[in-house]
Amino acid sequence: MQRVGSSIRCPICQDVLPITESGNDISKRMLAEIAAQVQAGQSDAQIYDYFRARYGQRVLLRPSNDAAGVLLWAVPALALLLGGGALAGYLRGPARRGAPSGSAPSGSAPNVQPAEEDPEDPYLAEIRAEVQAQRHQQAERSGS
């Protein structure tokens, strides 16, 4: 009776307490029901099924061994592992993408070396023209 009662949750307690540790009337009646079922020769699984049918899956402190119970416990653990792996990959991302190991600390301007340029790249030429125009305007304002 104690073994079964220690794995059944008190349905009205604020904390997650087994009915063996709760002193309220419902827990006492549930323990009496377990004792009656044990004396009637019911197995632990039958007693768990009785309480699950009456109070729902939430009444069991230990998950069932069926696929839904395993899935209920495995999905959060798997999500935590995948999230941790994604975070680690994100944090290590710049090192993997070829950033130099001695790159500049955050907050300071990185030492950018010009890459080999494609003279036929119209987008690059347009950006260069815009940068040159902005520099020219700044020089005119500072010179006036």
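Predicted model, so just to flag it, every value in this text is computed and none were measured. (Residues numbered from 1 in each chain as written. Predicted model: local features only at pLDDT ≥ 70, side-chain atom pairs only at ≥ 80, totals over all residues. Heavy atoms only, no water.)

## A look at the side chain of Arg9
No. 1: Counting through the fold element by element, Arg9 comes out in the loop between α1 (2-5) and α2 (25-39).
No. 2: Here Arg9 falls in the buried class, since its relative accessible area comes to 17%.
No. 3: For Arg9, the side chain forms a polar contact with the main-chain oxygen of Arg58, separated by 2.8 Å. (Helix = DSSP H or I, 4+ residues; strand = E, 2+ residues; numbered from the N terminus. Buried < 20%, exposed > 50% of the residue type's maximum accessible area, 1.4 Å probe, protein only. Polar contact = N/O pair within 3.5 Å; in protein donor to acceptor, adjacent residues only side chain to side chain.)

## Some details on the nonpolar core
No. 1: With twelve residues, the main nonpolar core is built from Val4, Ile8, Cys10, Ile19, Met30, Leu31, Ile34, Ile47, Tyr48, Phe51, Val59 and Leu60.
No. 2: Aside from chain neighbours lying at most four places away, what touches Cys10 is Leu17, Pro18, Ile19, Ser22, Asn24 and Ser27. (Core = buried A, V, L, I, M, F, W, Y, C linked by side-chain atoms within 4.5 Å. Contact = heavy atoms within 4.5 Å.)

## What to know about the pattern of salt bridges
No. 1: Inspection of the entire model under this criterion finds two salt bridges.
No. 2: One salt bridge in this structure joins Asp44 and Arg3, with 2.5 Å as the shortest N-O distance. In this pair, Asp44 sits in helix α3 (residues 44-55) while Arg3 sits in helix α1, placing the two residues 41 residues apart along the sequence.
No. 3: The residue Asp49 makes a salt bridge to Arg52 at a minimum N-O spacing of 2.7 Å. One end of the pair, Asp49, and the other, Arg52, are both in helix α3, three residues apart, so they sit about a helical turn from each other. (Salt bridge = Lys/Arg side-chain N within 4 Å of Asp/Glu carboxyl O.)

## Examining the state of the cysteines
No. 1: Under the criterion given, the structure shown has one disulfide.
No. 2: Covalent S-S linkage joins Cys10 and Cys13, the inter-sulfur distance amounting to 2.3 Å. One quick way to see it: the torsion about the S-S bond of Cys10 and Cys13 is about 75°, and its sign makes the bridge right-handed.
No. 3: With a relative accessible area of 1%, Cys10 lands in the buried category. (Disulfide = S-S within 2.5 Å.)

## Some remarks on the confidence of the model for the protein
When pLDDT is low, close inspection of the predicted coordinates is not appropriate.
No. 1: Averaged over all residues, the pLDDT of the protein is 81; the fraction at 70 or higher stands at 77%.
No. 2: The weakest mean pLDDT in the protein belongs to helix α4 (residues 67-96) at 83; the strongest belongs to α2 at 91. (pLDDT = per-residue confidence, 0-100.)

## Some points on α3
Residue pairs spaced three or four apart in an α-helix point in one direction, given the helix's 3.6 residues per turn.
No. 1: The end-to-end C-alpha distance of α3 is 16 Å, a good match for the 16 Å that twelve residues give at a rise of 1.5 Å each.
No. 2: Those residues of α3 that fall on the buried side of the exposure criterion are Ile47, Tyr48 and Phe51. Viewed along the axis of α3, the buried residues span an arc of 100°, placing them on a single side of the element.
No. 3: Against α1 and α2 lie the buried residues of α3. (Expected span 1.5 Å × (residues − 1). Arc of directions from axis to C-beta.)

## Description of the packing of aromatic side chains
No. 1: On inspection of all chains with the given rule, the structure shows two aromatic pairs.
No. 2: Plain terms: the ring middles of Phe51 and Tyr55 are 6.2 Å apart, the flat faces sit at 15° to each other, and that makes the pair stacked. Note that Phe51 and Tyr55 are positioned in helix α3 at a spacing of four residues, about one turn of the helix.
No. 3: Note on Phe51: relative accessible area 1%, which makes it buried.
No. 4: Each member of the aromatic cluster is reached from another via a ring pair, and the members are Tyr50, Phe51 and Tyr55. (Phe/Tyr/Trp six-rings, centres within 6.5 Å; stacked < 30°, edge-to-face > 60°.)

## Re the packing of α2 against α3
For any two helices packed against each other, one specifies the crossing angle of their axes together with the interaxial distance.
No. 1: Put simply, α2 and α3 touch, their axes get as near as 10 Å, and they point 140° apart. In the crossing of α2 with α3, the sense of the turn from one axis to the other is right-handed. In this structure, α2 uses Ile26, Met30, Glu33, Ile34, Gln37 and Val38 to contact α3, whose residues at the interface are Gln46, Ile47, Tyr50, Phe51 and Tyr55.
No. 2: Classifying every residue of the contact of α2 with α3 gives eight nonpolar, two polar and one charged. (Axes fitted to C-alpha atoms, helices over the stretch in contact; angles between N-to-C directions. Left-handed = near helix turned anticlockwise from the far one by under 90°. Nonpolar A, V, L, I, M, F, W, Y, C, P; charged D, E, K, R; others polar.)

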